[in-house]
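# Structural overview for review
In case you want the letters, here they are:
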Amino acid sequence: MTFYVTTPIYYVNAQPHLGHAYTSIAADVIARHHRRRGEDTFFLTGTDEHGEPVADAARAQGIEPREWADINAAKFKALLPAIGVEPDFFIRTTDAEHKRRVQDVLQRVHDNGHVYKGIYEGWYCPRCADFKTEAEIADGNRCPIHEIELTREREENWFFRLSAFQERIERLFADRADFVRPARARNEAQAFIAQGLQDISLSRGRLEWGVQVPWDEGHVFYVWFDALLNYYTALGYARPGEDLTARYWPAQLHLVGKEILKFHTIYWPAMLWAAGLEIPEHVFVHGFLQGSDGRKMSKSLGNGLDPFEVLERFGVDALRFYLFRDVSFGADGNVGMDSVAARYESELANEYGNLVSRTLAMIARYRDGLLPDASPEPELERWLSGLAGEVAGAFDAVDLSGALELIWQRVRRLNRYVEESKPWELAREPAHSAALETALATLHLGLSAVTVELAPYMPGTCALVSAALQATPIEPIPPLFPKRDR
Ligand code: MSP
């Protein structure tokens, strides 16, 4: 069984921030989970480097787009090890191999009769690189996302006959209720479809920074098609001398933020059909991280959470845990340094960290570090053995917060079990030796089960704990989540 998961490719016109880290960490958690399930997993991320936003940003710096893209793509790439994200490939849309494949696929779309030349006239947001339909225009002729004034565009473009796919898209949504999740996102996509799909620009005549249209060299492809195709082209050249396309396409899961839903759930399947290719299985649309005041994070409001500050104060695993614990994955949610500090202390240090230190210390002290050869407490054992299946079910629904909650219920139950069984009292009486061994075996089993499931979220921490649980003799380890200054 194969599992192919992607993040959006990020525009290199801005600096990487927590929002980008969020989707990348989510995809990494999912990839690690599926790898552990024994699935042949491929995880792709990268950068989107063509189009107006990038060309404009480069011009503002007085440098060539390629140079600007190189500088910023390097920053996105450098963020990954800092946040514990290990993709199988990092694609850049300026890769020659990507560009060649974009031309091949879109040439097929052309040859299959899905394009025509026409005049585009309408409203356009250069920051979204999006041609807005009437329903997408905010008051004052503004972009509803960027709140900037839209520009009036009139140019000769190649068009993609999206309107011809109206029925097929409707059928897709009717037949595959889980093509787009969660339901709120599916409803939004369906509302857009219900307005009637209009043909869209496939090329731009006036831009130069892009992939050349092979049948009309004065044009470059509209950046969104160049960008969307990354999910497909990467498989062709990620491994030198090997084509992974047959192995991993179609993708199981595209993760995207809610502002790019239309491109992924409507334009993308239509484009793939037009090229004669299979469409992905699922698109999961997550919400926005907002400042602690509930407003969109922004530099000027100073309400953002700086991922680098979290990394420095609490470490990478605390950041990864926090993002899916404090904000329900799929919904919008507020984040802030105070709530990171609170979760760190109450859940990581006092609950999981405490369970680890008590379990290791008691096995070391009461049994010289040797795991007793006793059966665990049967009722707890049964409950613990259900964990892997329940967590897998939550991951299949891309419910990263739900899976974490299932794990946390066990962490809490195990801490209560320590209080109830009181191993320190049992250790005083040789007559209670069997009961002590049951308690220690139960804790060892429970902590092992929890740690395996938690590892995709907190890989470094869980590797330490797993090693400590398997050591002979078992010995205490330094606190995993030491006290931090608030
Ligand atoms: N280049 C396009 C995507 C092309 S995909 C074929 C793009 N890039 S972007 O740099 O703007 O990145 C957008 C993505 O970053 C969002 O869809 C989301 O995954 C992530 N996020 C950016 N800000 C975010 C938040 N504040 N909160 C959550 N996710 C955020 O759009």
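Since the structure is predicted, the reported quantities are computational estimates derived from the model, not experimental observations.

### Some words on the confidence of the model for the protein chain
- For the protein chain, per-residue confidence averages 95 on the pLDDT scale, and 99% of positions sit at 70 or higher.
- Of all secondary-structure elements in the protein chain, the lowest mean pLDDT belongs to strand β6 (residues 130–132), at 85, while strand β1 (residues 2–6) reaches the highest, 99.

### Structural notes on the packing of aromatic side chains
- What the rule picks out here adds up to 34 aromatic pairs.
- Arranged with centres 5.7 Å apart and planes meeting at 85 degrees, the rings of W158 and W215 form a pair that is edge-to-face. One end of the pair, W158, is in strand β7 (residues 151–160); the other, W215, is in the loop between β10 (203–204) and β11 (220–221), and 57 residues separate them in sequence. Taken individually, W158 and W215 each receive the classification buried, so the pair is uniform in this respect.
- The ring of Y124 has R204 lying over it, and the distance from NZ or CZ to the ring centre is 4.6 Å.
- Just above the ring of W383 sits the side chain of R410; from NZ or CZ to the centre is 4.2 Å.

### As for the domain arrangement of the protein chain
- Domain annotation of the protein chain identifies domain 1 (2–287) and domain 2 (315–470).
- On a C-alpha basis, the centres of domain 1 and domain 2 stand 39 Å from each other.
- Listed per partner, the contact involves 26 residues of domain 1 and 23 residues of domain 2.
- Summed over both partners, the interface of domain 1 with domain 2 comes to about 2100 Å²; 67% of that surface belongs to carbon and sulfur atoms.
- At the junction of domain 1 and domain 2, the tally comes to four salt bridges.
- Among the salt bridges present, the one from K258 reaches D332, with a minimum N-O distance of 2.9 Å.
- Inspection of the region where domain 1 meets domain 2 yields eight residue pairs in polar contact (both at pLDDT 80 or more).
- For the side of domain 1 that touches domain 2, the elements supplying multiple residues, two or more each, are α1 (18–36), β12 (253–257) and β13 (282–286).

### Quick look at the site of the ligand
- Close to the ligand lie 23 residues, the nearest being I9, T23, D48, G257 and L289.
- Note that a nitrogen atom of the ligand is positioned 2.8 Å from one of the backbone N or O atoms of I9.
- D48 is positioned with one of its side-chain polar atoms (N or O) 2.7 Å from a nitrogen atom of the ligand.
- Protein contact buries 91% of the 680 Å² of open area that the ligand shows by itself.
- Elements represented by at least two residues in the shell around the ligand include exactly β2 (10–11), α1, α7 (223–228) and α8 (230–237).

### Focus on helix α19 (residues 459–470)
- Its 12 residues place the ends of α19 16 Å apart at the C-alpha level, agreeing with the 16 Å of an ideal helix rising 1.5 Å per residue.
- Every buried residue of α19 is accounted for by P459, T461, C462, V465, A468 and L469.
- On its buried side, α19 packs onto α1, α12 (316–326), α13 (337–367) and α18 (433–454).

### Quick notes on the side chain of T451
- Its place among the elements puts T451 in helix α18.
- At 2.6 Å, the side chain of T451 forms a polar contact with the backbone oxygen of L447.
- If near-sequence neighbours (up to four positions away) are discounted, T451 is found in contact with Y352, C462, V465 and S466.

### Structural notes on the pattern of salt bridges
- Taken as a whole and judged by the stated rule, the model has 39 salt bridges.
- In this structure, E136 and K262 form a salt bridge, with 2.9 Å as the shortest nitrogen-oxygen distance. Taken together, the residues span a long stretch of sequence, with E136 in the loop between β6 and β7 and K262 in helix α10 (residues 261–274) at a distance of 126 residues.
- Residue K262 is classed as buried on the basis of its relative accessible area, which comes to 8%.
- Three or more residues are tied together by salt bridges with common partners; here these are R325, D326, R343, E347, E351, E405 and R412.

Calculation notes
- Residues numbered from 1 in each chain as written.
- Predicted model: local features only at pLDDT ≥ 70, side-chain atom pairs only at ≥ 80, totals over all residues.
- Heavy atoms only, no water.
- pLDDT = per-residue confidence, 0-100.
- Helix = DSSP H or I, 4+ residues; strand = E, 2+ residues; numbered from the N terminus.
- Phe/Tyr/Trp six-rings, centres within 6.5 Å; stacked < 30°, edge-to-face > 60°.
- Buried < 20%, exposed > 50% of the residue type's maximum accessible area, 1.4 Å probe, protein only.
- Lys NZ or Arg CZ within 6 Å of the ring centre and 35° of its normal.
- Domains from an automatic or database assignment.
- Contact = heavy atoms within 4.5 Å.
- Buried area = accessible area lost by both parts, 1.4 Å probe.
- Salt bridge = Lys/Arg side-chain N within 4 Å of Asp/Glu carboxyl O.
- Polar contact = N/O pair within 3.5 Å; in protein donor to acceptor, adjacent residues only side chain to side chain.
- Near = heavy atom within 4 Å.
- Areas by Shrake-Rupley, 256 points an atom, 1.4 Å probe, with all protein chains shown as cover.
- Expected span 1.5 Å × (residues − 1).

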